[in-house]
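Architecture and fold: a report
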Amino acid sequence: MSSSPPLATPLDVQLRPDRPPILRIDAPGDAVSWAAAHREALRAQVTEHGALIVRGLRPRDAAEAGAVFTALAGEPMAEKEAFAPRETLGPGVYSSTPWPANQPMCMHHELSYLLEVPGLMLFACLTAPAEGGATAVADAEEVLRALPVELRTRFEREGWLLTRAYNDEIGASLAESFGTDDRTAVEDYCRANAIEFAWQPDGSLHTRQRRSAVVRHPVTGRHCWFNQIAFLNEWTLDPEVREYLVDVYGEDALPFNTRFGDGTPIGEDVVQLLNATYDEHTRREPWQAGDLMLVDNIRTAHSREAFGGERQVLVAMAEPRRLPDLDPAPEASRR
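Residues numbered from 1 in each chain as written. Predicted model: local features only at pLDDT ≥ 70, side-chain atom pairs only at ≥ 80, totals over all residues. Heavy atoms only, no water.

Details of a negative patch on the surface
The test is simple: Residues qualify for a patch when their relative accessible area is over 30% and they have no salt bridge, like charges being joined within 9 Å and the nonpolar side chains of Val, Leu, Ile, Met, Phe, Trp and Tyr within 5 Å. Throughout, the Shrake-Rupley method with a 1.4 Å probe supplies accessible areas, and for residues the shown protein chains are the sole cover considered. A carboxyl oxygen of Asp or Glu within 4 Å of a side-chain nitrogen of Lys or Arg is what we treat as a salt bridge. For the charge count, each Lys or Arg is scored as positive and each Asp or Glu as negative, with His and the chain ends excluded. Charge placement uses NZ in Lys and CZ in Arg. For Asp and Glu, CG and CD serve respectively. In this text, helices come from DSSP runs of H or I with a minimum length of four residues, and strands from runs of E with a minimum of two, each type numbered from the N-terminal end.
Residues D238, E240, E243 and D247 make up a contiguous surface patch of negative charge. Among the structural elements, D247 can be located in helix α8 (residues 239-249).

Structure representation (structure tokens):
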């Protein structure tokens, strides 16, 4: 086994206010051994800064990227309750979420509607897009502090509500989201994970789950804005897409939507404010082929910007964290 080159000193981690921290290295002969040897030092940077790009590691393919992910974070998590199907490229290694290249995916924390969430996100760029396509990041502590006190207090008190209407046309199917389409198994999963559910006359499933919008970071103890309130809300959709979905499914049966924790609709003005606050705290760096990116999923939100050309960025989720949830409404229907 080839020896690993020494990790660069902290001064070699480039820090700029408009970019995630970047560590440049000379491509090692064995990317997996290098990652394993420098795991603790890299993770310390992520703890300090919330995210880190390692430039020059250059995993060659999905198999090597997956091995690097495991060397850095241990056994990856399997995705649950996906809102869009991904391609599985290896154990716990996925393609990026399929999303139109010309439409950005706004800031969010991955799977923040689960009871057990990924503590760490890992990305590897095999093919960089010709333009755009950055996985940008935003500090969730800073975003929380920047929000109006009244709005922040309401979300801290009530949490947020995710509503989903599963169908066979848009988004992940029952089998893709729950790993099964067996009704009993789906119901058991929902009960175990504080998800209200209601089967519709046509056999489709509607769900509601209430989660905390602000959580305390399990390592730092600091409060973070942690949710997908804006990302999964109807007002973040392209206006033509939203109009089509409302026309086809109705306002109360959109494939996914978010509300205040008490069930009150979230207005377009609130969603615009949330997205504008994210924009003010966004840091971005264009992908280069061979880049690795580590993101503290609780401390740091991430997005995917619109792009042109081919883009292949692999994703893994690791270090599951059990976070507090808000009790669902007692009048929830489960039938």
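Anyway, onward from the coordinates.
With respect to the side chain of T135
To keep things clear, this is the line we draw: Distance and chemistry together define a polar contact, namely a pair of N or O atoms within 3.5 Å, with one atom able to donate a hydrogen and the other to accept it when in protein, and with adjacent residues in sequence counting only for side-chain atoms on both sides.
Tracing the backbone shows T135 in the loop between β8 (131-132) and β9 (137-139). Within the structure, the side chain of T135 is placed 3.1 Å from the side chain of W287, a separation counted as a polar contact. Within the local environment of T135, its side chain forms a polar contact with the side chain of R311, the two groups lying 3.2 Å apart.

What about the state of the cysteines?
Stated formally: Working definition: a disulfide is two cysteine sulfur atoms within 2.5 Å of each other. Burial status follows relative accessibility: with a 1.4 Å probe on protein chains alone, a residue under 20% of its type maximum counts as buried, one over 50% as exposed, and anything between as partly exposed.
According to the stated counting rule, one finds zero disulfides in the structure shown. Looking at C106, it has no disulfide partner, and the nearest cysteine sulfur is the one in C224, 18 Å off. By relative accessible area, C106 is classed as buried at 16%.

Section: helix α9 (residues 268-280)
Because an α-helix completes one turn every 3.6 residues, residues spaced three or four positions apart along the sequence face the same direction. Convention followed: Here, expected helix span is obtained from the residue count minus one, scaled by 1.5 Å. Arc definition: directions from the helix axis to the C-beta atoms.
If you check α9, its first and last C-alpha atoms are 18 Å apart, about what 13 residues at 1.5 Å a residue would give, namely 18 Å. Restricting attention to buried positions, one finds in α9 the residues V270, V271, L274, N275, T277 and Y278. End-on, the buried residues of α9 take up no more than an arc of 155°, which puts them together on one face. Turned more than 90 degrees off the buried face of α9, the exposed positions are D269, D279 and E280.

Some words on the environment of Q272
For Q272, the position within the fold is in helix α9. Relative accessible area serves as the criterion here: at 48%, Q272 is assigned to the partly exposed category. With 135 residues separating them in the primary sequence, Q272 and V137 have C-alpha atoms 18 Å apart.

As for the sheet that holds strand β11 (residues 196-199)
Threshold: By this definition, two strands are paired if DSSP reports at least two bridges between them. The axes are straight lines fitted to the C-alpha atoms, using for helices just the contacting stretch, and the angles between their N-to-C directions are given from 0 to 180°. Here, residues are in contact when the closest pair of their heavy atoms is within 4.5 Å.
Ordered by their spatial adjacency, four strands build an open sheet running β11-β12-β10-β15, and the pairing between neighbours is antiparallel. The open sheet has two free edges, formed respectively by β11 and β15 (256-260), since each of these has just one partner strand. Strand-to-strand twist across the sheet, computed as the mean angle between neighbouring axes with direction ignored, equals 15°. Relative to β15, strand β10 (residues 160-165) runs antiparallel, the two being bridged by five bridges. Residue pairing across strands places L161 opposite R259, the latter belonging to β15. Against the sheet, helix α7 (residues 183-192) makes contact with β11 and β12 (205-211), and its axis sits at roughly 155° relative to β11, the strand it touches most.

What about the confidence of the model for the protein chain?
Test applied: How sure the predictor is of each residue is captured by pLDDT, a score from 0 to 100.
Averaged over every residue, the pLDDT of the protein chain is 91; the share at 70 or more is 93%. A low-confidence stretch, residues 328-335 (pLDDT under 50), is modelled with 14 contacts involving residues beyond four sequence positions or located in other chains.

Some remarks on the sheet that holds strand β16 (residues 282-283)
Strand pairing in a sheet takes place through backbone hydrogen bonds and is either antiparallel or parallel in direction. Across the sheet, four strands lie side by side as β6-β18-β9-β16; this open sheet has antiparallel pairing. The open sheet has two free edges, formed respectively by β6 (105-108) and β16, since each of these has just one partner strand.

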